[in-house]
Amino acid sequence: MSNRLTGVVPSIALFVLLIAAWQAAVSVLGIREYLLPSPLAVVRALVASDIPWLAHAWTTTLEIVGAFLLAGVVGVLLGVAIAWSAALSQALVPFLVFVNTLPKVAVAPLFLLWLGYGILPNMLIGALIGFFPVVINTAVGLAQVDEELLDLGRVFSAPKWKVFAKIRIPNAFPYILSALKVTATAAVVGAIVGEFVASQKGLGYVIVTTQGSMNTPVAFAALVWISVVGLAVYGVVVLAARYIAPWAETSH
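Per chain, residue numbering runs from 1 following the sequence as it is written. Given that the model is predicted, a residue must reach a pLDDT of at least 70 before its local features are reported, and side-chain atom pairs must reach 80 or more before they are shown or counted; all residues, however, enter totals for whole chains, interfaces and linings. For side-chain calculations, the full set of non-hydrogen atoms in the structure is used, while hydrogens and water are omitted.

A. Up close: the overall build of the protein chain. When its secondary structure is counted, the protein chain shows 11 helices and zero strands. Helix numbers and strand numbers start at the N terminus; a helix is a DSSP run of H or I with at least 4 residues, a strand a run of E with at least 2. Seen in sequence order, the protein chain has helices and strands lined up from the N terminus as α-α-α-α-α-α-α-α-α-α-α. Expressed along its principal axes, the backbone C-alpha trace of the protein chain runs to roughly 75 × 50 × 30 Å. By the convention used here, residues are in contact when the closest approach between their heavy atoms is within 4.5 Å. Restricting to contacts in the protein chain with at least 6 residues of sequence separation, those with at least 24 account for 73%. Looking at the protein chain as shown, the accessible area adds up to about 14300 Å², and 72% of this sits on carbon and sulfur atoms. Residues scored as charged are limited to Lys and Arg (positive) and Asp and Glu (negative), so that His and the chain ends carry no count. Charged groups are reduced to one reference atom each: NZ for lysine, CZ for arginine, CG for aspartic acid, CD for glutamic acid. Taking the average place of the 12 positive charges on the side chains of the protein chain and the average place of its 9 negative ones, the gap between the two points comes to 2 Å. Accessibility throughout is a Shrake-Rupley quantity obtained with a 1.4 Å probe, and a residue counts as covered only by protein chains that appear here.

In structure tokens, the structure reads:
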């Protein structure tokens, strides 16, 4: 525990230093609030009673968690399918690469047209952004297995599904967990992109509504909330990885 706290101290010190430099720059240079609010102005916006921050944060959190879970489940299943069959790999990989190259901002209005307003479209956009790393890492982890382990399976005449369950999938855990960490942050981006395009609540919606009134402190406060939610989701993934597969955390 002491080692972990010691490792966190430099990050906290850097963060505090940046905040202090930000406050000093705004005060000394006299930068107007609508261009760059001071940290104190952002704090005042964070505690403003006229903005239902918890309701907006809860909506965005649901979208991010839903996008993360959907991207994780679909990504792992597609990765397993690619590793299971060469024919499936040849059919799926070009299509998945095509889907991944689509500009998500351009796809978002289509989801809105098909599904209407609500959490689900934003969740799907987040999943669309975050699923590809899970697919690739899962497939790579399932393929890059020590040949000696595979030979052991052949010696015992283990069926293909058992080799996957007992050898390939545990071997893929480090790759999958690394991809899920990336997906945790990508889900945040996707959910906010969806809220930018069309939403009636959420932290992205707050940022969009502040543009007309140039209420920059509130926009910065929304960014702080987004960062808190994103860090929380990422932290849960890291903690879950340590408990579910601690060997994966140390081996990759």
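Back to the write-up after that little detour.
B. Expanded view of the environment of alanine 55. Residue placement: alanine 55 occurs in helix α3 (residues 53–84). When a residue's accessible area, from a 1.4 Å probe over protein chains only, is under 20% of the maximum for its type it is buried; when over 50% it is exposed; and in between it is partly exposed. Judged by relative accessible area, which is 45%, alanine 55 ranks as partly exposed. In this structure, the C-alpha to C-alpha distance between alanine 55 and threonine 210, residues 155 residues apart in sequence, is 17 Å.

C. View of the packing of helix α8 (residues 160–197) against helix α10 (residues 216–244). Fitted lines through C-alpha atoms give the axes, limited to the stretch in contact for helices. The angle between two N-to-C directions lies from 0 to 180 degrees. Put simply, α8 and α10 touch, their axes get as near as 10 Å, and they point 160° apart. Put simply, α8 runs roughly antiparallel to α10. Note on packing geometry: the crossing formed by α8 with α10 is right-handed. Of α10, the residues touching α8 (which contributes Leu177, Leu180, Lys181, Ala184, Thr185, Val188 and Ile192) are Ile226, Gly230, Val233, Tyr234, Val237, Val238 and Ala241. In what follows, roughly perpendicular refers to angles from 65 to 115 degrees, roughly parallel to angles under 35, roughly antiparallel to angles over 145, and oblique to any angle outside these ranges. Should the near helix be turned anticlockwise from the far one by less than a right angle, the crossing is left-handed, and should it be turned clockwise, the crossing is right-handed.

D. Structural view of α8. The first and last C-alpha atoms of α8 sit only 45 Å apart over 38 residues, clearly below the 56 Å expected at 1.5 Å per residue. The largest bend in α8 amounts to roughly 45° and is located at phenylalanine 173, with the proline proline 174 lying one to four residues further along. Any helix carries an expected span of 1.5 Å times its number of residues minus one. The bend reported for a residue corresponds to the angle between axes fitted to the seven residues ending at that residue and the seven starting there.

E. Here's a closer look at the nonpolar core. Buried Ala, Val, Leu, Ile, Met, Phe, Trp, Tyr and Cys residues that are joined via side-chain atoms within 4.5 Å together make up what is termed a nonpolar core. Grouped together as the largest cluster of nonpolar side chains are 34 residues, with contacts concentrated most on Trp53, Ile64, Phe68, Leu180, Val218 and Ile226. Those elements that provide at least two residues to this core are α2 (39–46), α3, α6 (119–143), α8, α9 (203–213) and α10. Beyond its immediate chain neighbours, meaning those up to four positions away, isoleucine 226 contacts Val188, Ile192, Leu203 and Ile207. By size, the runner-up hydrophobic cluster in this structure holds 18 residues, among which are Ala81, Val107, Phe111 and Ala139.

F. Region of the structure containing the side chain of threonine 138. In this structure, threonine 138 sits in helix α6. Polar contact is the term for a pair of N or O atoms within 3.5 Å; when the atoms are in protein, one must be able to donate a hydrogen and the other to accept it, and sequence-neighboring residues count only if both atoms are side-chain atoms. A polar atom in the side chain of threonine 138 sits 2.6 Å from the backbone oxygen of valine 134.

G. Here's a closer look at a nonpolar patch on the surface. Residues form patches when they are more than 30% accessible in relative terms and have no salt bridge. Like charges link within 9 Å. Nonpolar side chains (Val, Leu, Ile, Met, Phe, Trp, Tyr) link within 5 Å. The salt bridge criterion pairs a side-chain nitrogen of Lys or Arg with a carboxyl oxygen of Asp or Glu, the two atoms within 4 Å. On the surface, Leu110, Leu113, Trp114, Leu115 and Leu120 cluster together into a nonpolar patch covering about 550 Å² of accessible area. If you tally residues by element for the nonpolar patch, the top one is helix α5 (residues 104–115), at four residues. Among the residues examined, leucine 110 registers a relative accessible area of 38% and is labelled partly exposed.

H. Quick peek at the packing of α3 against helix α4 (residues 86–101). Viewed as axis vectors pointing N to C, α3 and α4 meet at an angle of 135°, and their least axial separation amounts to 6 Å. The angle between α3 and α4 places the two elements in the oblique class. Here α3 contributes Leu78, Ala81, Ile82 and Trp84 to the contact with α4, which in turn contributes Ala86, Leu88, Ser89, Leu92, Val93 and Leu96. Three categories are distinguished: nonpolar for Ala, Val, Leu, Ile, Met, Phe, Trp, Tyr, Cys and Pro, charged for Asp, Glu, Lys and Arg, and polar for the others, with Gly belonging to the last. Taken together, the residues of the contact of α3 with α4 sort by class into nine nonpolar, one polar and no charged.

I. Structural detail: the environment of valine 229. Structurally, valine 229 can be placed in helix α10. In this structure, valine 229 is in contact with Thr61 and Ile64, ignoring residues within four places of it in sequence.

J. Structural view of α2. Among the residues making up α2, those that are buried are Pro39, Ala41, Val42 and Ala45. Mapping the buried residues of α2 onto a view down its axis gives an arc of 160°, with all of them on the same face. Along α2, exposed side chains directed more than 90 degrees from the buried face belong to Leu40 and Arg44. This arc describes the spread of directions from the helix axis toward the C-beta atoms.

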